[in-house]
Amino acid sequence: MTNSHQRLYINIDHVATVRQARRTVEPDPVAAATICEEAGADGITAHLREDRRHIIDDDVYRLARSVKTVLNLEMANTAEMVEIALRVRPYQVTLVPERREEITTEGGLDVTRDPAGLVASITRLQAAGIGVSLFIDPDERMVRASRDLGATAVELHTGTYAHHPTDEMPLRALQAAAALGATLGLHVHAGHGLTVANVGRVAAIPAIEELNIGHAIVGRAIFIGIAAAVREMRVAMDAARAST
Ligand code: PXP
């Protein structure tokens, strides 16, 4: 049995997606975040994209004031975003790759591409007391490079697993990368494409301390409400962890 509590952070981006479909004020992702926290979320995640297609700057500032658990700000490693993060001072920043044309974050950050730029941002953010997680593919080279850059944590991209939940290879890659990250002293998180149906095998990986889940929660909320969707995910995670 894996006793340690695995944190569930809820990504509320797609509440903002629905709002932005009409460029109005409802539904409010900040109000949704409060309900998620009351339903047991351990943290709130929001991705401020360069094109502001869902979360907008005002949401981030309001979340920073209202979140009672912790705020995880996902963002690209750009000068603009680092300045915003330094003003907002979230508990954690997760650096993600970003291309305007993508529908969602496709693939992890190639942390070997601009090591100097990453070290500069990681150092500035950490000096301000902000933990820095790097969203990477579950790949040994990326995990080792993340450690070398001085990251606080890595978030393992679970997209390949989520698309092929019964294949052993993507799951093994996650297990190996998680174990390696923990051995190297990194905190290990995971996320992307996780649902109640597929979360179990990822939740059961002992080294994974935190899951970031968004789309499935907001999608399910349409039918059962967001509080019930959070609780349902929590139950699925706990059941999987207890059975290991
Ligand atoms: N983690 C990261 C770094 C992400 O970019 C996303 C998507 O915004 C998620 C987790 C959540 O993925 P999903 O919305 O598929 O649950």
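Keep in mind the model is a prediction, meaning the values are calculated, not measured.

A few words now on the packing of helix 3 (residues 57-66) against helix 4 (residues 79-88). Orientation of helix 3 relative to helix 4, taken along the N-to-C sense of each, is 25°, at an axis distance of 10 Å. Between helix 3 and helix 4, the interaxial angle falls into the category roughly parallel. The two elements helix 3 and helix 4 cross, and the hand of that crossing is right-handed. Within the contact between the two elements, helix 3 uses Asp57, Val60, Tyr61 and Ala64 and helix 4 uses Ile84, Arg87 and Val88.

In this structure, Ile12, Leu134, Leu156 and Leu211 are the most contacted members of the largest nonpolar core, which totals 75 residues. In terms of residues, this core owes the most to one element, helix 11 (residues 226-242), which gives eight residues. Contact partners of Leu156, with chain neighbours within four places excluded, come to Phe135, Ile136, Pro138, Val143, Leu174, Ala177, Ala178, Val188, His189, Ala190 and Gly191.

A word on the site of the ligand. Among the 13 residues in the neighbourhood of the ligand, the closest are listed as Glu74, Glu155, Gly193, Gly214 and His215. Residue Gly193 places a main-chain N or O atom 2.8 Å away from an oxygen atom belonging to the ligand. The backbone of His215 places a nitrogen or oxygen atom 2.8 Å from an oxygen atom of the ligand. For the ligand, the accessible surface in isolation is 400 Å², of which the surrounding protein chains cover 95%. Considered class by class, the residues forming the shell around the ligand number three nonpolar, seven polar and three charged.

Now for the packing of helix 2 (residues 29-38) against helix 11. Contact pair helix 2 / helix 11: the axes reach a minimum separation of 9 Å and the direction vectors enclose 45°. In terms of orientation, helix 2 lies oblique with respect to helix 11. As helix 2 packs across helix 11, the resulting crossing turns out to be right-handed. Packed against helix 2, whose contacting residues are Ala32, Ile35 and Cys36, the element helix 11 presents Ile226, Ala227 and Val230 at the interface. Tallied by class, the residues present in the contact of helix 2 with helix 11 amount to six nonpolar, no polar and no charged.

Calculation criteria
Residues numbered from 1 in each chain as written. Predicted model: local features only at pLDDT ≥ 70, side-chain atom pairs only at ≥ 80, totals over all residues. Heavy atoms only, no water. Axes fitted to C-alpha atoms, helices over the stretch in contact; angles between N-to-C directions. Helix = DSSP H or I, 4+ residues; strand = E, 2+ residues; numbered from the N terminus. Parallel < 35°, antiparallel > 145°, perpendicular 65-115°, else oblique. Left-handed = near helix turned anticlockwise from the far one by under 90°. Contact = heavy atoms within 4.5 Å. Core = buried A, V, L, I, M, F, W, Y, C linked by side-chain atoms within 4.5 Å. Buried < 20%, exposed > 50% of the residue type's maximum accessible area, 1.4 Å probe, protein only. Near = heavy atom within 4 Å. Polar contact = N/O pair within 3.5 Å; in protein donor to acceptor, adjacent residues only side chain to side chain. Areas by Shrake-Rupley, 256 points an atom, 1.4 Å probe, with all protein chains shown as cover. Nonpolar A, V, L, I, M, F, W, Y, C, P; charged D, E, K, R; others polar.

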